[in-house]
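# Observations on the model geometry
These are the residues of each chain, in order.
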Amino acid sequence: LEMGNHLRQSMDRNELEIVYQPQIDCQLGKVIGVEALLRWNHTTKGYISPSEFIPIAEEMGFIVAIGEWVMRGACQQMKDWHNMLQEPLTVSVNLSVKQLNDERFVDKVIQILEETGLEAKYLEIEITENVAMRDDQLEALGRLRKLGIAISVDDFGTHYSSLSYLKRFPVTKIKLDQSFVRGVQTDDKDRAMIKAIISVAKSFQLQIIAEGVETEEQARFLVANGCSQIQGYYFFQPMSADQTQVTLQMSM
Ligand code: G
Ligand code: G
Ligand code: MN
Ligand code: NA
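The structure presented is a predicted model; accordingly, all values stated were derived computationally and were not measured. (Residues numbered from 1 in each chain as written. Chains lettered and ligands numbered in written order. Predicted model: local features only at pLDDT ≥ 70, side-chain atom pairs only at ≥ 80, totals over all residues.)

### Some points on the overall build of the chain
Within the chain one finds 11 helices and nine strands. When the backbone C-alpha atoms are referred to their principal axes, the chain occupies close to 45 × 45 × 35 Å. Evaluated residue by residue, the chain yields a buried proportion of 32% over its 252 residues. Expressed as a percentage of contacts within the chain between residues at least 6 apart in sequence, the contacts between residues at least 24 apart total 65%. (Helix = DSSP H or I, 4+ residues; strand = E, 2+ residues; numbered from the N terminus. Buried ≥ 20, exposed ≤ 12 C-beta atoms within 10 Å, placed from the backbone. Contact = placed C-beta atoms within 7 Å.)

### Here's the deal with the site of ligand 2
Residues in contact with ligand 2 amount to 13 residues; listed here are only the nearest, Gly212, Glu214, Gly232, Tyr233 and Pro238. When the residues that make up the shell around ligand 2 are grouped by side-chain class, the tally is four nonpolar, five polar and four charged. (Near = placed C-beta within 6 Å. Nonpolar A, V, L, I, M, F, W, Y, C, P; charged D, E, K, R; others polar.)

### Some remarks on the nonpolar core
With 56 residues, the main nonpolar core has Ala74, Val91 and Leu176 as its most contacted residues. Top contributing element to this core by residue count: helix α3 (residues 63–85), with eight residues. Once residues within four sequence positions are removed from consideration, Ala74 is found in contact with Ile18, Ala36, Val91 and Val93. (Core = buried A, V, L, I, M, F, W, Y, C linked by C-beta atoms within 7 Å.)

### A look at the site of ligand 1
Taken together, the neighbourhood of ligand 1 is formed by 13 residues, with Leu37, Leu38, Pro50, Asn94 and Ser96 sitting nearest. Listed by contribution, the elements that provide at least two residues to the shell around ligand 1 are β2 (30–42), α2 (50–60) and α3. In the shell around ligand 1, the residues fall into seven nonpolar, five polar and one charged.

### Thoughts on the confidence of the model for the chain
In the predicted model, the chain carries a mean pLDDT of 94, and 98% of its residues have values of at least 70. What the predictor reports for the complex is a pTM of 0.97 with an ipTM of 0.97. (pLDDT = per-residue confidence, 0-100.)

### Remarks on unusual backbone geometry
Even without being glycine, Asn14 reaches a positive phi, approximately 60°. When you line up the elements, Asn14 lands in the loop between α1 (2–10) and β1 (16–25). Although it is not a glycine, Gln205 sits at a positive phi angle of roughly 55°. Taking the C-beta count within 10 Å as the criterion, Gln205 has 7 such neighbours and is therefore assigned exposed.

The structure is reproduced here in structure tokens:
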């Protein structure tokens with residue numbers, strides 16, 4: 001509860017920060033987008049991971065406010081980079097299912113795109129598979145998709161509902177979970193999972209990106225098996241906006 005109260009004030013106190021992790025297209029050999037990742041630099045406790053505080057924000061009901069802050073910041077930042085670099089980079093924002101429960105959510109996104117001037121096709125939202133997704137949440141996703149926003153399934157393959165999810169949802173991209181990537185050199189089953197998921201993406205005509213790629217061997221295996229988009233420490237760690245800007249300037 002105390003952490004929750006601090007979290008409530010974190011935005012006003014400038015304790016929240018968005019970092020960015022570049023995403024690579026191996027065929028093109030360049031950065032094609034970034035994932036926005038939230039960070040909380042707590043005044044006394046230091047850095048706290050989103051996996052710790054997002055669940056609290058969800059429970060206490062201010063994930064909507066925090067999520068809106070991230071969405072606005074990430075869209076504004078990407079618009080600035082477009083102006084600066086004249087490159088069609090995308091920005092990917094993680095979404096809590098709780099944000100979809102807010103009936104004003106889609107209108108908020110439209111408003112943010114208008115305010116920042118970012119074109120919808122350069123925004124992607126990442127959602128985690130959720131078997132219990134309700135019809136009104138599905139409808140919200142459908143509206144976002146109709147606007148031209150890309151929708152990717154995060155942590156794909158780690159939950160129970162993967163395939164039916166792809167049938168029910170207006171998805172454009174699969175994020176191959178890092179747990180499979182980790183086993184590329186050591187685990188036959190992880191290699192089989194990766195090949196199967198890439199084949200699913202092809203069948204559904206979806207884009208696919210592998211995350212958590214840390215070694216050259218992993219990258220080679222992925223590319224050899226048809227996954228050309230890659231995100232991970234092997235290429236870039238998540239970085240501050242300033243560092244990201246330098247990286248983008250150098251890689252364009
Ligand atoms: O970047 P890191 O590994 O610390 O992220 C941990 C988890 O927090 C990941 O599951 C990531 O998707 C999630 N996360 C990061 N930023 C956000 C955000 O802005 N909103 C939501 N809902 N989740 C986020
Ligand atoms: O759940 P989601 O996929 O959004 O979480 C992404 C998380 O993975 C972020 O916290 C990010 O910091 C982390 N991450 C990104 N690249 C790598 C990597 O190469 N290795 C590991 N272990 N974590 C990574
Ligand atoms: Mn993600
Ligand atoms: Na993930």
